Amino acid sequence: MLLDTINNPDDLKKLSLDELPSLAQEIRDTIVKIVADSGGHLASSLGAVELIIGIHYILNAPQDKIIWDVGHQAYAHKLLTGRRDRFHTLRKIDGLSGFPNKYESEFDVFTTGHGSTSISCALGMVAARNLEAEDYRVVAVIGDASLGGGMAFEALNHAGHIRKKILVILNDNEMSISKSVGALSKYLNRILTAPIYNKVRKDIENLLKRVPRFGFRVIRSAKRLEEGLKNLLVPGMLFEELGFRYFGPIDGNDIRTVVGTLRNIIDMNEPVLLHVVTKKGKGYPHAEKIPEKFHGVSSFDISTGEKLYARDEKTTEKATSFTEVFSEVIIDVAGTDEKVVAITAAMPEGTGLDKFSRAFPDRFFDVGMAEQHAVGFAAGLARAGLKPVVAIYSTFLQRSYDQIIHDVCLQNLNVIFMLDRAGLVGEDGLTHHGLFDIAYLRNIPQIVAMAPKDEIELKEMFKFAVSYNKGPVAIRYPRGGSYSLPSHQRIEVRGRDIELGKAEILKEGKDVTIVGIGYMSYVLLDVAALLLDEGIDCEVINARFIKPLDMELILGSILKTEKLFTVEEGVVNGGFGSSILEAIVGKVPQDIIIKNIGLPDRFIEHGDRDILLDRCGLSVQKIKETIISYAKNRDRQRKM
Ligand SMILES: Cc1ncc(C[n+]2csc(CCOP(=O)(O)OP(=O)(O)O)c2C)c(N)n1
């Protein structure tokens with residue numbers, strides 16, 4: 001295999017141009033084989049193979065800096081930059097990350113996973129390079145959907161202003177996760193589908209040159225005509241107006257074209273945008289046919305393209321996921337409340353809003369990969385009297401922090417935030433875990449924040465949120481459903497309606513108070529059962545509300561047991577447990593035992609969710625051990 005001979009990009013350069021198509025095929029086969037086993041981002045990675053080979057063939061990484069936007073398309077880059085032998089560990093615990101990771105390789109300039117960041121980061125390096133009088137190339141590779149994010153536009157605007165040497169490669173496959181949306185995507189599509197213009201442009205220019213000099217009026221009109229026609233006919237005029245030299249569109253799956261074009265433009269001393277057209281899923285027929293299904297996949301059968309189920313998964317009764325429950329309940333509620341509208345930022349399937357989009361097409365908005373705008377847009381909808389429901393993964397809502405504060409909470413608007421994938425997400429790792437939302441929401445005035453312990457409670461909370469009408473409400477819930485939760489029986493909540501700021505006691509006890517939030521409540525019931533065997537009788541409280549807290553109930557329990565443990569799947573610093581600490585200062589005896597259990601003060605790696613929970617001290621066993629060590633130690637101290 002050619003791939004076996006490549007340990008770094010220098011080895012790649014030893015291959016002839018004629019050998020590169022075979023190498024591309026080998027890379028594709030490897031990617032399909034490994035992703036079929038480990039899961040991962042398949043379709044985008046397959047589409048970018050020739051582009052990545054071409055980039056490494058022409059550039060000199062790591063001296064030259066290549067910055068991948070999102071980074072989910074960069075598997076071929078990993079294979080060409082010394083990680084071939086470990087590629088089978090992709091996304092597995094202690095294995096290769098599914099995204100570029102600067103701690104994993106010197107070829108990964110940034111650790112990435114969120115969209116629209118590449119041009120800004122590249123431009124910063126360009127400015128530093130020039131200030132330090134260094135000499136390397138900087139290339140940002142960005143997808144058509146990511147280019148629609150505000151940060152990418154801000155960076156283009158700045159790059160065109162400072163006019164320094166930078167190459168932006170627009171990898172246009174006309175797809176986000178599903179079909180790209182938005183006016184930019186329509187514009188790019190017009191470039192791809194319109195007839196060939198460069199020739200027409202030349203013809204017009206020649207014609208204008210021949211216009212006899214009959215005075216200013218004719219020249220002015222001719223210039224105006226030229227501009228008008230240029231806008232109509234020249235591809236990439238938008239980018240040219242922003243200060244970039246535009247090249248393309250070229251076939252990004254044709255290795256000769258990619259190499260030839262890059263060779264010609266790589267050393268142009270100005271901002272250059274190369275528009276490359278690729279096919280999402282290229283080379284794997286199932287992915288070419290339904291690229292959205294193969295954007296991010298779990299293990300699958302290569303011959304059929306069908307998902308492979310984990311042991312017994314197909315035969316066990318599968319509980320619906322939180323996402324599915326939200327998907328259904330919003331349709332129910334919208335059926336009776338016509339003010340309810342829904343917003344996604346390029347993730348209708350992931351958030352479960354795809355069903356809503358079919359049921360209520362006029363009340364559904366996909367704003368593209370633009371979370372900040374999504375929240376500002378929701379503010380406008382709410383201000384004009386509607387009830388917008390913004391469904392965004394916890395990690396991506398970080399983008400909208402100021403919009404949440406300034407445009408929604410400060411105005412006390414009835415916007416409902418549905419934060420899916422809150423907590424550890426597993427294999428996507430560092431950039432995708434939803435660790436910060438409790439901490440970032442709980443300190444904003446006027447917002448109500450909740451976390452359901454299971455799917456039934458999610459429904460109740462959503463209905464409560466829609467009927468609340470007194471300001472913003474956020475609901476956070478994890479990936480998956482109670483299928484992936486501990487084996488405990490789910491608790492019936494019927495008859496225990498959601499009331500603003502009211503918690504519930506799931507198990508009474510006299511020795512220790514454990515307050516959990518969200519699905520952790522079930523984990524805590526298992527912990528309590530084990531602790532009972534050790535002679536410790538726990539009171540387990542499901543807080544339901546992150547804000548406002550039910551301090552009456554929680555304080556009553558602490559005063560009874562004099563031992564408080566809080567447990568959350570979020571950063572422990574400034575999180576849910578901290579808010580209880582702040583509330584009890586001065587209200588409890590000084591020598592009571594208090595311990596906040598949550599995610600530690602570090603970014604959490606990727607891998608199997610249960611293993612990660614255990615590593616972070618949040619498995620049933622680890623929580624039990626922490627409680628025993630704290631409770632018993634203190635009892636011993638008191639006796640002395
Ligand atoms: C800020 C942000 N929002 C949402 C996502 C989720 N997401 C990952 S890839 C993707 C689509 C990317 O499309 P594009 O940029 O065109 O790249 P392609 O996959 O087509 O190569 C989305 C929405 C993200 N990574 N970052």
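Please refer to the structure placed before this passage.
This report concerns the structure included in the present document. (Residues numbered from 1 in each chain as written. Predicted model: local features only at pLDDT ≥ 70, side-chain atom pairs only at ≥ 80, totals over all residues. Heavy atoms only, no water.)

Further remarks concern the sheet that holds strand 12 (residues 504-507). One key point about sheets: their strands pair by backbone hydrogen bonds, in either a parallel or an antiparallel sense. Reading across from one edge, 12-14-13-16-17 is the order of the five strands in this open sheet, with mixed pairing throughout. Of all strands in the sheet, those with a lone pairing partner are strand 12 and strand 17 (593-599), marking the two edges. In this sheet, neighbouring strand axes are inclined to one another by 25 degrees on average, regardless of whether the strands run parallel or antiparallel. For strand 13 (residues 512-516) and strand 14 (residues 538-542), the ladder comprises five bridges, and the chain directions are parallel. The residue of strand 14 that forms the bridge with T513 is E539. Packing of helix 22 (residues 520-533) onto the sheet brings it into contact with strand 12, strand 13, strand 14 and strand 16 (563-571), and relative to strand 14 it is tilted by some 175 degrees. Of the strands in this sheet, strand 13, strand 16 and strand 17 are in contact with helix 24 (residues 576-584), which crosses strand 16 at around 140 degrees. (Pairing = 2+ DSSP bridges. Helix = DSSP H or I, 4+ residues; strand = E, 2+ residues; numbered from the N terminus. Axes fitted to C-alpha atoms, helices over the stretch in contact; angles between N-to-C directions. Contact = heavy atoms within 4.5 Å.)

Further remarks concern the packing of helix 2 (residues 20-38) against helix 4 (residues 49-58). Following both chains from N to C, one finds helix 2 and helix 4 inclined at 125 degrees, their axes separated by 10 Å at the closest point. As the angle between them shows, helix 2 and helix 4 are arranged oblique. Relative to helix 4, the crossing made by helix 2 is right-handed. Between helix 2, through L20, L23, A24, I27, R28 and I31, and helix 4, the contact on the second element is made entirely by V49, E50, I53 and Y57. When grouped by side-chain class, the residues that make up the contact of helix 2 with helix 4 number eight nonpolar, no polar and two charged. (Parallel < 35°, antiparallel > 145°, perpendicular 65-115°, else oblique. Left-handed = near helix turned anticlockwise from the far one by under 90°. Nonpolar A, V, L, I, M, F, W, Y, C, P; charged D, E, K, R; others polar.)

Contact pair helix 23 (residues 551-561) / helix 24: the axes reach a minimum separation of 11 Å and the direction vectors enclose 80 degrees. The pairing of helix 23 with helix 24 is recorded here as roughly perpendicular in orientation. The segment helix 23 lies against helix 24, with M551, I554, L555 and I558 engaging I580, A583 and I584.

In this section: the site of the ligand. Around the ligand there are 22 residues in total, and S44, H72, S146, N173 and E371 lie nearest to it. Measuring from an oxygen atom of the ligand, one finds a side-chain N or O atom of H72 at 2.7 Å. Between the ligand and the protein, one listed contact pairs an oxygen atom with a side-chain N or O atom of S146 at 2.6 Å. Relative to its unbound accessible surface of 580 Å², the ligand loses 98% to contact with the protein. (Near = heavy atom within 4 Å. Polar contact = N/O pair within 3.5 Å; in protein donor to acceptor, adjacent residues only side chain to side chain. Areas by Shrake-Rupley, 256 points an atom, 1.4 Å probe, with all protein chains shown as cover.)

Within soluble globular proteins, side chains that are nonpolar generally end up buried alongside one another. Residues L23, I27, I31, L42, I53 and I169 are the most contacted members of the largest nonpolar core, which totals 58 residues. With nine residues, the single largest contributor to this core is helix 2. (Core = buried A, V, L, I, M, F, W, Y, C linked by side-chain atoms within 4.5 Å. Buried < 20%, exposed > 50% of the residue type's maximum accessible area, 1.4 Å probe, protein only.)

This brings us to the packing of aromatic side chains. Scanning the entire structure with this criterion turns up 16 aromatic pairs. Consider the rings of F326 and F462, whose centres lie 5.7 Å apart with planes at 70 degrees: the pair is edge-to-face. A residue pair is termed long-range when its members are at least 10 positions apart, and F326 in helix 14 (residues 322-336) and F462 in helix 21 (residues 455-468) qualify at 136 residues. For the pair shown, F326 and F462 are each scored as buried. (Phe/Tyr/Trp six-rings, centres within 6.5 Å; stacked < 30°, edge-to-face > 60°.)

Another aspect to go through is the pairing of strand 16. Most of strand 16 is tucked away: nine of the nine residues are buried. Where strand 13 lies against strand 16, four bridges are found, and the strand directions are parallel. The residue bridging G516 from the neighbouring strand is V567, located in strand 16. When strand 16 meets strand 17, the two strands line up parallel, connected through six bridges. Across the sheet, residue L564 finds its bridge partner in strand 17, namely I594. With respect to chirality, the unit in which strand 16 leads through helix 24 into the neighbouring parallel strand 17 is right-handed. (Right-handed = clockwise from strand over helix to strand, strands pointing away.)

Moving on, we come to the sheet that holds strand 8 (residues 387-393). Strand order in this open sheet of seven strands is 7-6-8-9-11-10-15, and the pairing throughout is mixed. Looking at which strands have only one partner, the edges of the open sheet turn out to be strand 7 (364-366) and strand 15 (545-547). Across this sheet, the average inter-strand angle for adjacent strands is 20 degrees, counted without regard to direction. Bridge count between strand 10 (residues 448-450) and strand 15: two bridges; the pairing is antiparallel. Bridge pairing links M450 to F545 in strand 15. Here helix 14 sits on the sheet and contacts strand 6 (340-344), strand 8 and strand 9 (416-420); the angle it forms with strand 6, its principal contact strand, is near 145 degrees.

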